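Residues per chain are reported as follows:
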Amino acid sequence: MSVIAAIDVGTNSFHLVVADVDDEGHFEVLTREREPVRLGSGGEDMKVLEPDAIERGIATLGRMQRIASHAGAQSITAVATSAVREADNRNEFTERARIEAGVDIEVVSGFEEARLIHLGVLAAVPLLDKRHLIIDIGGGSTEFIIGDGAEPLLLRSLKLGSIRLTDRFFPDGRTRKRSVRECRNYLRSFLGHLPAEIAALGFETAVGSSGTITALARMCAIRRGDRDSRTGRLSFTAKELRSLTGDLADASTPARRLGIEGLEERRADIIVGGALLLAETFKLLGIKRMEVSDYALREGILFEQLRRATAPGLDPFHRLEDLRRSGVMYVANSYHEDLRHAEHITDLALELFDGLYPLHGLDDEDRELFEAASLLHNVGIFISHSAHHRHSYYIIRNSEHLTGFTEREIEIIAQVARYHRKSAPKSKHVEFASLNGADKDRVRWMAAMLRVAIGLDRSNRQVVTRVRVAGDGPPPTQNGELCLVARVSPGVDTSVELFTAQNRSELLAAITGRSVVIEPEVAVTGKPGHPTNGLGCGDADESRAQPEDTLAASAGT
């Protein structure tokens, strides 16, 4: 991982950064590219990516991919934000990007976008010793972050942006006194309770990032005679911003606005919306001065790549890294009546995942998603026991606390939870039909394994302590059957668990094309690791087994 690249697929512009990484995880930027694509449009929800915008986006991604490859990038992570995540036809765009430009796009939630911005800004501005406010104004959304050191205390993403406000109030970039007044009133109303939330937490310093704020800062610097300021040293005051915003709004057309020194032509039509948004935010939050970070989302993506590649201290059984796991556990604790039950099911499900690897071929990243889905599959009971699998889907899909996951990953987690009972995944189900072929297979496999694991703890007594796949070598079958061995507590009736697991193995049987047989294996009291097994399902395979004390520890976490 010596050269890596990140692409910020924004509503207004696409940004590429390619960096060389040293052995200690520090990086040096090799090249940057920015191209104004204007991918998104719309004054309210950005429901559709227009055909010409898609064409511009695909062409730009292709060029950026070639630049990154020429620079020696071994990996490219592309993250899409507001315009793509809101579009009904986003799958068309992401699929064409994959096929035609060779770029896999991860669509992130507004919450995750804010977290990545925070990560990027922390690398550029010394904020670790103070509570800080970060504001990032994009074309379609604006992110507000309150951080205390490296810890984000508040992450908010609002559907406010320079393009969205321009399309709503200033068509063609033209301003009138009435439209400016209406825009200000709208902003005060839309920001709602956010000022009170931020005031309750407080902050010592304010930092702005991304194109709109950088452009405003440069114009302020020029107006006070500071023409040589570098981006990382830019700052401006509330008074400077107020004066500049007034002048920008009074220049009623983009052409007239270009008379204000420092304004780039490509921003002349949308700058008023962004300036009004920032000026109103300054007023509502009492900001007196703002510093500017030249790092933002794209650098946050780079740091995220490094963090995922080098994350220390992964539990050898639970593979969910700390950041993701903390978000999953927050949601689980918020909704589960019995978290111990869910954790035990997760232990069993992951053992099935590992044992069936020769058949499903899913990787470690898929294992993380499966673990998250297993922990969260039952959260819908909080709403209602009836159809709680559907409620689980809704809760997971709409949670803002699943930190570190992309929109696609959250969708997979939610769908696995959706199909942990009742109907199997079907193409007539809209959400399932929206997945690509590989992700449909992921959901089918994970749902199938989760159903069996849930059955093995049907009575919520944790009397089935282990589960393994019998036989040696791929495929793990015996006599044309897929044979699963459930280790059970001695002297305990486990007929309910075994019957339920067998009954819920139909989806697994359909996927593998083999009948599934589940047999008990009783451990001798006082001799864990030496079970008796007189059944026809195969000999005990201790090389696959996890020590009892390890499982007990993970089940009680």
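Quantities reported herein were computed from a predicted structural model and do not represent experimental measurements.

With that settled, consider the packing of helix α14 (residues 339-355) against helix α20 (residues 437-455). Between α14 and α20, the shortest axis-to-axis distance is 8 Å and the interhelical angle comes to 135 degrees. The angle between α14 and α20 falls in the class oblique. You can see that α14 and α20 cross each other, and the crossing is right-handed. In this structure, α14 uses Ile345, Leu348, Ala349, Leu352 and Phe353 to contact α20, whose residues at the interface are Met449, Leu450, Val452, Ala453 and Ile454. Per-class residue counts for the contact of α14 with α20 are 10 nonpolar, no polar and no charged.

Quick look at the sheet that holds strand β2 (residues 13-21) now. Note: strands within a sheet are paired through backbone hydrogen bonds, in either parallel or antiparallel orientation. Strands sit in the order β3-β2-β1-β4-β5 across an open sheet of five strands; the sheet is mixed. The open sheet has two free edges, formed respectively by β3 (27-36) and β5 (105-107), since each of these has just one partner strand. Direction aside, the axes of adjacent strands within the sheet are offset by 20 degrees on average. Those strands touched by helix α1 (residues 51-70) are β1 (3-9), β2, β3, β4 (75-80) and β5, and its axis lies near 15 degrees from that of β2. Of the strands in this sheet, β1, β2 and β5 are in contact with helix α3 (residues 90-101), which crosses β5 at around 155 degrees.

Let us now look at the environment of Glu521. Counting through the fold element by element, Glu521 comes out in strand β14 (residues 515-523). Separated by 33 residues in the primary sequence, Glu521 and Val488 place their C-alpha atoms 5.9 Å from one another.

What follows is about the packing of aromatic side chains. What the rule picks out here adds up to seven aromatic pairs. Their ring planes at 50 degrees and their centres at 5.6 Å tell us that Tyr186 and Phe190 sit as a pair that is tilted. Residue Tyr186 and its partner Phe190 are located together in helix α6 (residues 177-191), separated by four residues, close to a single helical turn. When the ring of Tyr419 is compared with that of Phe432, the centres are 6.0 Å apart and the planes differ by 80 degrees; the resulting orientation is edge-to-face. Of this pair, Tyr419 sits in the loop between α18 (407-418) and α19 (430-433) while Phe432 sits in helix α19, and the two are 13 residues apart along the sequence. Each member of the pair Tyr419 and Phe432 is classed as buried. Here the aromatic residues Phe169, Phe170, Tyr186 and Phe190 are joined through ring pairs into a cluster of three or more.

Moving on, we get to α18. For α18, spanning 12 residues, the distance from its first C-alpha to its last is 16 Å, which sits close to the expected 16 Å at 1.5 Å a residue. Buried residues dominate α18, accounting for 11 of its 12 residues. Of the positions making up α18, those classed as buried are Glu407, Glu409, Ile410, Glu411, Ile412, Ile413, Ala414, Gln415, Val416, Ala417 and Arg418.

Moving on, we get to a negative patch on the surface. A grouping of Asp20, Asp22, Asp23 and Glu28 is seen on the molecular surface, where their side chains present a negatively charged patch. Inspection of the secondary structure puts Asp20 in strand β2. Using a relative accessible area of 31% as the deciding quantity, one classes Asp20 as partly exposed.

The rules behind the values
- Residues numbered from 1 in each chain as written.
- Predicted model: local features only at pLDDT ≥ 70, side-chain atom pairs only at ≥ 80, totals over all residues.
- Heavy atoms only, no water.
- Axes fitted to C-alpha atoms, helices over the stretch in contact; angles between N-to-C directions.
- Helix = DSSP H or I, 4+ residues; strand = E, 2+ residues; numbered from the N terminus.
- Parallel < 35°, antiparallel > 145°, perpendicular 65-115°, else oblique.
- Left-handed = near helix turned anticlockwise from the far one by under 90°.
- Contact = heavy atoms within 4.5 Å.
- Nonpolar A, V, L, I, M, F, W, Y, C, P; charged D, E, K, R; others polar.
- Pairing = 2+ DSSP bridges.
- Phe/Tyr/Trp six-rings, centres within 6.5 Å; stacked < 30°, edge-to-face > 60°.
- Buried < 20%, exposed > 50% of the residue type's maximum accessible area, 1.4 Å probe, protein only.
- Expected span 1.5 Å × (residues − 1).
- Patch = residues over 30% accessible without salt bridge, like charges linked within 9 Å, V, L, I, M, F, W, Y side chains within 5 Å.
- Areas by Shrake-Rupley, 256 points an atom, 1.4 Å probe, with all protein chains shown as cover.
- Salt bridge = Lys/Arg side-chain N within 4 Å of Asp/Glu carboxyl O.
- Lys, Arg positive; Asp, Glu negative; His and termini not counted.
- Charge placed at Lys NZ, Arg CZ, Asp CG, Glu CD.

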